[in-house]
Amino acid sequence: MPLRTLIVDDEPIARQILVQYAQDDIRLEVVATCKNAIEALTYLQQQPIDLLLLDINMPKLSGLELVKSLAQPPAIIFTTAYREYAVDGFELQVVDYLVKPFSFPRFLQAVGRVSMLKQNNSNLSTADDFFFIKTDGKTIKIHHRDILYIEAMSEYVRIHTDKQNWMSLQSLRYLEE
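All figures in this text were calculated on a predicted structure; none of them were measured in a lab.

The rules behind these values
Residues numbered from 1 in each chain as written. Predicted model: local features only at pLDDT ≥ 70, side-chain atom pairs only at ≥ 80, totals over all residues. Heavy atoms only, no water. Buried < 20%, exposed > 50% of the residue type's maximum accessible area, 1.4 Å probe, protein only. Helix = DSSP H or I, 4+ residues; strand = E, 2+ residues; numbered from the N terminus. Arc of directions from axis to C-beta. Contact = heavy atoms within 4.5 Å. Polar contact = N/O pair within 3.5 Å; in protein donor to acceptor, adjacent residues only side chain to side chain. Expected span 1.5 Å × (residues − 1). Core = buried A, V, L, I, M, F, W, Y, C linked by side-chain atoms within 4.5 Å.

1. Structural notes on helix 2 (residues 37–46)
Consideration 1: Burial in helix 2 covers these residues: Ala 37, Ala 40, Tyr 43 and Leu 44. For helix 2, the angular spread of buried residues about the axis comes to 115°, placing them on one side. Looking at helix 2, the residues exposed on the side facing more than 90 degrees away from the buried face are Gln 45 and Gln 46.
Consideration 2: Residues of helix 2 that are buried make contact with strand 1 (3–8), strand 2 (28–34), strand 3 (51–54) and helix 3 (63–69).
Consideration 3: Near the N-terminus of helix 2, the side chain that reaches the backbone nitrogen of Ile 38, with its oxygen 3.0 Å away, is that of Asn 36.

2. Section: helix 1 (residues 12–23)
Consideration 1: Relative to the 16 Å expected for 12 residues at 1.5 Å per residue, helix 1 spans 16 Å between its end C-alpha atoms, a close match to the ideal helical length.
Consideration 2: The set of residues buried in helix 1 consists of Ala 14, Arg 15, Leu 18, Tyr 21 and Ala 22. Looking straight down helix 1, one finds its buried side chains confined to an arc of 130°; they lie on one side. When the buried face of helix 1 is taken as reference, the exposed residues oriented beyond 90 degrees from it are Pro 12, Ile 13, Gln 16 and Gln 23.

3. Considering the environment of Tyr 174
Consideration 1: Mapped onto the secondary structure, Tyr 174 falls in helix 6 (residues 172–176).
Consideration 2: When the C-alpha positions of Tyr 174 and Val 99 are compared, they lie 26 Å apart, and in sequence the two are 75 residues distant.

4. Observations concerning the nonpolar core
Across soluble globular proteins, nonpolar side chains have a tendency to be buried as a group.
Consideration 1: If you look at the biggest cluster of nonpolar residues, it comprises 22 residues, and the most contacted ones within it are Leu 6, Val 8, Leu 52, Leu 54, Leu 66 and Phe 78.
Consideration 2: Here this core gets four residues from one element, more than from any other, and that element is helix 2.
Consideration 3: For Leu 6, the residues in contact, after removing those within four places along its chain, are Ala 32, Thr 33, Cys 34, Ala 40, Tyr 43, Leu 44, Ile 49, Leu 51, Leu 52 and Leu 53.
Consideration 4: Listed in part, the 17 residues of the second largest apolar core include Ala 22, Ala 75, Phe 102 and Val 111.

Okay, structure coming up:
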């Protein structure tokens, strides 16, 4: 099922490019375009979307302010000419940050991240959830339902299950993602 995508940019040419890029990617379905964040806010209150392709520097309400105003924002990729807002964007947990002008392959890479996140989130809702870790030179499959707790140990994690404990060289944050 394609990601329902809303494109928001105050520049008509930028909107056209984003629409063309999105139409060339079968993972996306452009449901609407907006020329400012206020239009986008109105649309978001009426329709659910999966992905927001969002410019930052717009009149009246910036893309950053729009994201901050959303209680449950969709996946967001900022598309902007301003590098200096990248840290702000990632603090708002955007999936990616594309600096204009960006190439189609770079756009595809950003959409790939969104697709992967959506796929991982849908996988987490199934009863047979699992993930893999590397430990002692082997790859181990661990089912979520078997985990008692996970212990952070500096750069390692120890995963406790009712059958066995495993230690793996990865951060708790990486494991959580």
